Amino acid sequence: MKILVTIKRVEDYESKIKVKPDGTWIVTDGVNYRANPFDEIAVEEALRLRDANMPSEVIAVSVGSELSVNEIRSALAMGADKGILVKQAGWVDSDAVARCLQKVIEREKPDLVLMGKQAVDVDDNVTGQLLAEYLGWGQATFASKHESLESAEEKAKKPGVKLAADKASVEVIREIDGGLETLSVKLPAIVTVDLRLNVPRYASLPNIMKAKKKPVEELDPKALGVDVTPKVKVLKVEPPPARAAGIKVPDVAALVQKLHSDAKVI
Amino acid sequence: MATVLVIAEQVKGQLKKATFHALGAGRDLAKRLGGAELHVLVAGANLGEAAKQLAEYAGTVHVVDGAAFEHAVAETNALAAVAAAKATSASHVVLAATTWGKDLAPRIAARLGAGIASDVLALVGEGTVHFKRAMWAGNAVATVEVTTPIKVVTVRPTEFAPAEKAAAAGAVQAFAADAGAAKTKFVSFAEVKSARPELADARVVIAGGRGTKGDFKPIEALADTLGGAVGASRAVCDAGWQPNDLQVGQTGKVVAPQLYVAAGISGAIQHLAGMKGSKVIVAINKDPEAPIFQVADYGLVADLFKALPELTDAAAKLK
């Protein structure tokens, strides 16, 4: 089984994000970068599927600046076999990313593509679905599982995405409004992953060393024939509206009085 | 004349509440475009009642009613939506940013060659309309322009008021759409049943975090006294203490009730992104330094196992 997994370099969600005074973007000086946490879950799932269905291979792909090679290396250190970087300096919209990935996929012909459901920088939640439609493939978004992350199944590192016995489809449990839905998707397919599919592994030191020797190929959007002109332009970035400062109340009686008489919500 | 096409969401012929918020956004958008027509598409099986109800809000209701659209997946629904967008010469296609809308909308955009603005918080301008949306877990709000002739928009239901009924009921028309041959098959749905209101629609939300140590009884008692929904932090759902669909946050549900009570929740950035829009926020936490106090209107430094039962008793007496 050939599995392609996408990995994006994003601002660390634990960094303090501030808007630039000129309103063009956020301040990036002093901000830490890391792999998109949803993509790490996708990498973990790819590795579990590979190990449960040998012989298989996992390719980690990123679209981004030359620094994104760091996030590809982190996927390789977790255990992915090789990397591909579609080198693109500066911001591009999710549609351009989807069309770059489409070209890579048409060349690599994977059986399954695993992606985070969204990147925690622009929070778009569209790239996987766009890609599925461009390829004419089936999709299962928000992959999850019935078992909790504390369960024995999770501790045994069992894949939550299940490959059918005939290896022609995968069964995916999706976290949707109101409950959990199960879909069966014919391969090749796009699966985007949600938080509770698995707990990603840490890379061990020997594996970090080994990852440095794994191959990473560089590609260029232009050479792939992709026009990255955005369909969605960011005109302005602002800080969110601030909430008025609140007060501390000494006890429950004071709280009830405030909620009943002032705020009138109970 | 421009047309705004809203794609309605339904389950077993019952319209989802979020659809009325999408219709509210669609109506506002049509007005800003200088009086565009408002159309709505609903696809599924046994849609008689749903179509009649939608006609109270939109000029024309297009109904794709057939067994092939029962439990239809995004691939199938995208075919119907794209056919309707073309038939109505829609300039904008609008969906609610629910999990259903998020799954479907990008496929419609890709098929139409349209740009997509997702999880939109507000519309900006008249004539040419731009969109405000949250980025970096709500730490920044971007104004975006969709540059393609056709634009696909998903709107965050809590940020748009539900549509009011139109002066006159619109027309209901059958719409013939090809269901194609989907590569994806519906297998089953495990519903999480609850006697409480749905989290996303509730007027009151009582949420518990790690401080509950998994014991949600005091949370549930207060929620039931106030007729509210129960929410949870990510830590609680990850531990399997509460089902996933109760998670409030950037990666869970975004809520904006009249009253939000956070008990034993420290207030990680990603949780705040899911509830900062609430009208009144109460934080109850033993740790006076917890970040949740920075967004709370009323903060109480206390043990939730003592404070919540007291609050429940007091609230019951006020009824």
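Residues numbered from 1 in each chain as written. Chains lettered and ligands numbered in written order. Predicted model: local features only at pLDDT ≥ 70, side-chain atom pairs only at ≥ 80, totals over all residues. Heavy atoms only, no water.

A.B. asks: Residue-level account of the overall build of chain B, with values.
C.D. replies: When its secondary structure is counted, chain B shows 8 helices and 17 strands. Relative to the compact-globule value of 20 Å for 319 residues, chain B shows a C-alpha radius of gyration of 21 Å, a close match. Taking the principal axes of its C-alpha atoms as reference, chain B extends roughly 60 × 40 × 40 Å. Looking at chain B as a whole, 59% of its 319 residues qualify as buried. The contacts in chain B between residues at least 6 apart in sequence include a share of 62% that link residues at least 24 apart. Accessible surface computed for chain B: about 12300 Å², of which carbon and sulfur atoms make up 52%. Taking the average place of the 32 positive charges on the side chains of chain B and the average place of its 29 negative ones, the gap between the two points comes to 1 Å. (Helix = DSSP H or I, 4+ residues; strand = E, 2+ residues; numbered from the N terminus. Rg over C-alpha atoms; globule rule 2.2 N^0.38 Å. Buried < 20%, exposed > 50% of the residue type's maximum accessible area, 1.4 Å probe, protein only. Contact = heavy atoms within 4.5 Å. Areas by Shrake-Rupley, 256 points an atom, 1.4 Å probe, with all protein chains shown as cover. Lys, Arg positive; Asp, Glu negative; His and termini not counted. Charge placed at Lys NZ, Arg CZ, Asp CG, Glu CD.)

A.B. asks: An account of the sheet that holds strand S16 (residues 280-285) of chain B is requested, with residue identities and associated values reported.
C.D. replies: In sheet architecture, strand pairing relies on hydrogen bonds along the backbone and comes in two forms, parallel and antiparallel. An order of S14(A)-S17(B)-S16(B)-S15(B)-S13(B)-S14(B) is seen for the 6 strands of this open sheet, with the pairing classed as parallel. Here the strands that pair on one side only, and so sit at the sheet edges, are strand S14 (247-248) of chain A together with strand S14 (229-232) of chain B. Across 5 bridges, strand S15 (residues 259-263) of chain B lies against S16(B) in parallel orientation. Each residue of the ladder has a partner; that of B:Val261, found in S16(B), is B:Val282. (Pairing = 2+ DSSP bridges.)

A.B. asks: Explain the packing of helix H3 (residues 94-108) of chain A against helix H4 (residues 127-135) of chain A to me, using residue names and the numbers behind them.
C.D. replies: Residues and elements named next belong to chain A. Axis separation between H3 and H4 bottoms out at 9 Å; the angle between their running directions is 50°. If you check the angle between H3 and H4, you find them oblique. Viewed along their axes, H3 and H4 form a crossing whose handedness is right-handed. Here H3 contributes Ser94, Asp95, Val97, Ala98, Arg99, Leu101, Gln102, Ile105 and Glu106 to the contact with H4, which in turn contributes Thr127, Leu130, Leu131, Tyr134 and Leu135. (Axes fitted to C-alpha atoms, helices over the stretch in contact; angles between N-to-C directions. Parallel < 35°, antiparallel > 145°, perpendicular 65-115°, else oblique. Left-handed = near helix turned anticlockwise from the far one by under 90°.)

A.B. asks: Can you tell me about the domain arrangement of chain B, naming the residues and giving the values?
C.D. replies: All names here are of chain B. Once the domains are mapped, chain B shows domain 1 (3-174) and domain 2 (199-318). A C-alpha centroid distance of 32 Å is found between domain 1 and domain 2. Facing the 6 residues of domain 1 at the interface are 9 residues of domain 2. For the pairing of domain 1 and domain 2, the buried interface totals around 620 Å² over both sides, and the portion due to carbon and sulfur atoms is 55%. The three residues of domain 1 that bury the most area against domain 2 are Lys17, Ala137 and Thr158, which together make up 65% of that side's buried surface. At the boundary of domain 1 and domain 2, one finds 0 residue pairs in polar contact (both at pLDDT 80 or more). (Domains from an automatic or database assignment. Buried area = accessible area lost by both parts, 1.4 Å probe. Polar contact = N/O pair within 3.5 Å; in protein donor to acceptor, adjacent residues only side chain to side chain.)

A.B. asks: Go over the nonpolar core, please, and point to the residues and values.
C.D. replies: Of all hydrophobic cores here, the largest spans 54 residues; its most connected members are B:Ile7, B:Leu41, B:Val93, B:Ile108 and B:Val152. Ranked by size, the runner-up nonpolar core spans 47 residues in total, among them B:Val6, B:Ala8, B:Ala18 and B:Leu23. (Core = buried A, V, L, I, M, F, W, Y, C linked by side-chain atoms within 4.5 Å.)

A.B. asks: I'd like a rundown of unusual backbone geometry, residues and numbers included.
C.D. replies: Here A:Met54 and A:Pro55 are connected by a cis peptide whose omega angle stands at 0°. Assignment of secondary structure puts A:Pro55 in the loop between helix H1 (37-52) and strand S4 (57-64). Along the chain, A:Leu187 connects to A:Pro188 via a cis peptide bond; the corresponding omega equals 0°. You can see A:Pro188 is positioned in the loop between strand S10 (179-186) and strand S11 (189-193). Residues other than glycine seldom take positive phi values, yet A:Asp123 does so here, at roughly 50°. In this structure A:Asp123 comes out as buried when scored by relative accessible area, which is 8%. Non-glycine residue B:Asp119 carries a positive phi angle of around 55°. Checked against the element boundaries, B:Asp119 lands in strand S7 (residues 115-124).

A.B. asks: Please set out the side chain of B:Lys151 residue by residue, giving values where relevant.
C.D. replies: Position of B:Lys151 among the secondary structure elements: in strand S10 (residues 151-155). Beyond its immediate stretch of four places on either side in the chain, B:Lys151 contacts B:Ser91, B:His92, B:Val93, B:Ala114, B:Gly115 and B:Val146.

A.B. asks: Explain the pairing of S14(B) to me, using residue names and the numbers behind them.
C.D. replies: Residues and elements named next belong to chain B. Burial along S14 is two-sided: the face carrying Ala229 and Gly231 and the face carrying Val230 and Ala232 are both buried. Where strand S13 (residues 204-208) lies against S14, 4 bridges are found, and the strand directions are parallel. Bridge pairing links Val205 to Ala229 in S14. Once you follow S13 into helix H5 (residues 217-226) and on to S14, the crossover reads as right-handed. (Right-handed = clockwise from strand over helix to strand, strands pointing away.)

A.B. asks: Residues and numbers for the interface of chain B and chain A, please.
C.D. replies: In this assembly, 85 residues from chain B lie in contact with 78 residues from chain A. Carbon and sulfur atoms supply 57% of the area buried between chain B and chain A, which totals about 6900 Å² over both sides. Considering only the side of chain B, the residues that lose the most area to chain A are B:Arg107, B:Trp136 and B:Tyr298, jointly responsible for 12% of the buried surface there. Across the contact surface, chain B and chain A share 7 salt bridges. (Salt bridge = Lys/Arg side-chain N within 4 Å of Asp/Glu carboxyl O.)

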